[in-house]
Amino acid sequence: MIGTSATTTGLELLTRSRIIKRVLIEGGFGTYGTATGGSTSTVIDTTRLQSSQYSEDMWNGAWLRIGKDAGGAAAAPETEIRPITKYEPGNGRLTVSPVFTASPVSTDEYQIFKFPHPQDVLDTIDTILTEECFLPAQSMLSEVADFDMEQTHTTDWAGTNATVTKATTGIPGNGKRWLSVVTTSAGGYSESAVVTVEPGRLYHLSALVRANAASTTPTLIAYDSTNSASITSKTTTRQHWHRLWFTFTTPATCNRMTVRLSNAENGVTSFWDDVVMYSTEAQSIALPWWVKHPDQVKGIYKLTPNTYGTDVMVGDFRGERVDGKWDIMDDGIGRGFRAVARQGSISDPLYIKGTRNEVAFSNDNTDTKHVDANWMNARLAFKLYDQVAAFPGANSLDESFLERQVLRWTTRNEAEMKKQARRVAAEETSQSPWGLFGGGGGRTFGVVRH
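Description of the structure in this document. (Residues numbered from 1 in each chain as written. Predicted model: local features only at pLDDT ≥ 70, side-chain atom pairs only at ≥ 80, totals over all residues. Heavy atoms only, no water.)

### Some thoughts on the nonpolar core
Formed by 51 residues in total, the largest nonpolar core has its most connected members in Leu 205, Leu 220, Val 259, Leu 261, Val 275 and Met 277. Looking at this core element by element, the count peaks at five residues for strand β20 (residues 269-279). (Core = buried A, V, L, I, M, F, W, Y, C linked by side-chain atoms within 4.5 Å. Buried < 20%, exposed > 50% of the residue type's maximum accessible area, 1.4 Å probe, protein only. Helix = DSSP H or I, 4+ residues; strand = E, 2+ residues; numbered from the N terminus.)

### A few points about the pairing of strand β8 (residues 109-113)
Extensive coverage of β8 is indicated by the burial of five of its five residues. The pairing of strand β2 (residues 30-34) with β8 spans five bridges and is classified as antiparallel. By the bridge assignment for β8, Tyr 32 is matched with Gln 111. Relative to β8, strand β5 (residues 63-68) runs antiparallel, the two being bridged by five bridges. Residue pairing for β8: Leu 64 is matched across the bridge by Ile 112. (Pairing = 2+ DSSP bridges.)

### A few points about the packing of aromatic side chains
Across all of its chains, the model carries seven aromatic pairs by this definition. Ring pairs connect the aromatic residues Phe 29, Phe 115 and Tyr 385, which therefore count as one cluster. The aromatic ring of Tyr 32 is capped on one face by Arg 48, whose charged end is 4.8 Å from the ring centroid. (Phe/Tyr/Trp six-rings, centres within 6.5 Å; stacked < 30°, edge-to-face > 60°. Lys NZ or Arg CZ within 6 Å of the ring centre and 35° of its normal.)

### Remarks on the sheet that holds β2
Ordered in space as β2-β8-β5-β6-β7-β4-β3, the seven strands form an open sheet in which the pairing is antiparallel. The open sheet terminates on both sides in strands that have one partner only, identified here as β2 and β3 (37-39). Neighbour-to-neighbour, the strand axes of the sheet open up by a mean angle of 30°, direction not taken into account. Seen against the sheet, helix α1 (residues 16-26) touches β2, β5 and β8 and runs at an angle of roughly 40° to β8. On top of the sheet, helix α2 (residues 118-132) reaches β5, β6 (81-88) and β8; it is set at about 50° to β5, its chief contact. (Axes fitted to C-alpha atoms, helices over the stretch in contact; angles between N-to-C directions. Contact = heavy atoms within 4.5 Å.)

### Notes on unusual backbone geometry
Cis geometry marks the peptide bond from Ala 76 to Pro 77, where omega comes out at 15°. Residue placement: Pro 77 occurs in the loop between β5 and β6. Between Ser 97 and the following residue, Pro 98, the backbone shows a cis peptide bond with an omega angle of 0°. Structurally, Pro 98 can be placed in the loop between β7 (93-96) and β8. With phi around 60°, Met 149 is a residue other than glycine that occupies positive phi space. Among the secondary structure elements, Met 149 is positioned in the loop between β9 (134-140) and β10 (157-160). Positive phi is not limited to glycine here, since Ser 228 has a value of about 55°. Mapped onto the fold, Ser 228 is located in the loop between β16 (218-224) and β17 (229-235).

Here it is as structure tokens:
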């Protein structure tokens, strides 16, 4: 795999702030700007709000939300929402009541919502992401918790003599996040949550890994936590993403084990992703956390990549579709889904192609989503006007204006939904089995994982 620090992406990286700004203007819901001053009860913008052409009634009764703290630390009053009680266009000043918990200052960014309430807009954005936005995706299958490193926390990857964080910048792994292990002592490691295993069984263990620099020796360890002993391990010194792998037999008294991601040296950094472990005698395997319905799974594939040697594989997804062997079964209410073999067992690493939803934003300005901007804008404006039309107080708006907006955004939403459907459909087809592969999640148009 060729490693680069990507400067472009297959889909746009959107912040919540960018989504809000666009829908405010294009949807006619309000406006936004950058403060030139303020106090706990006022925001002043002499650039955008000051004009003799504006009426004092223009923003009275609207809501003011502070979208970004000038210092970039998300300090108050960022995210605070207040009703606007007075607008003075002559000096570009908005007055709010109740007051903010801290004074907005120059270069703080603000948003003005005439309708609906800002919280309704935020909630609708999250609903679209989590329930309606399904993008082409592919993922390895594994029994290890947070194996794809896509959770924001490191709860399932504790550090011992190592600083463990989720990385989001640099040379990307297979997705939006990957694990960084910086050792504070030689042999320091990050350890997975415990996995229950059967004694005397053959298991596969592999992981994407990259040494950050020369003289760094990442080590993949299968660890017997029942007996507090290493079972076996493999090392590498390669500085590009690749899959380090091996098989091992669990000791006769081993019922619990963990995966350790280690560095042989002190003060060095390695990066890890897609930690795959399963029994080669197993007849089922867990599907990724994002599979909420069997229809999301479009195909199950046997990984058949090129190899650099006996224990190193190329890191790309590349394989053949395994039709007719696997059923998608519910593993119990709230426990997710599993791929269950109709016959035989898991002879090779598996991955799936499917469609997955996004997750809700954690903040306005640093959390990003791989979402098509035009689709998101059309979908959000459509849903907001649909909600406004259903409000008991909708008759306070000009009826013809509301009808035009509903029709306008219904048309744009339908067009963007068709484009989204075509994108997903194209991801499910290929001229040959060997065409069904991709580089790393989010780096190509057809491979979008988060």
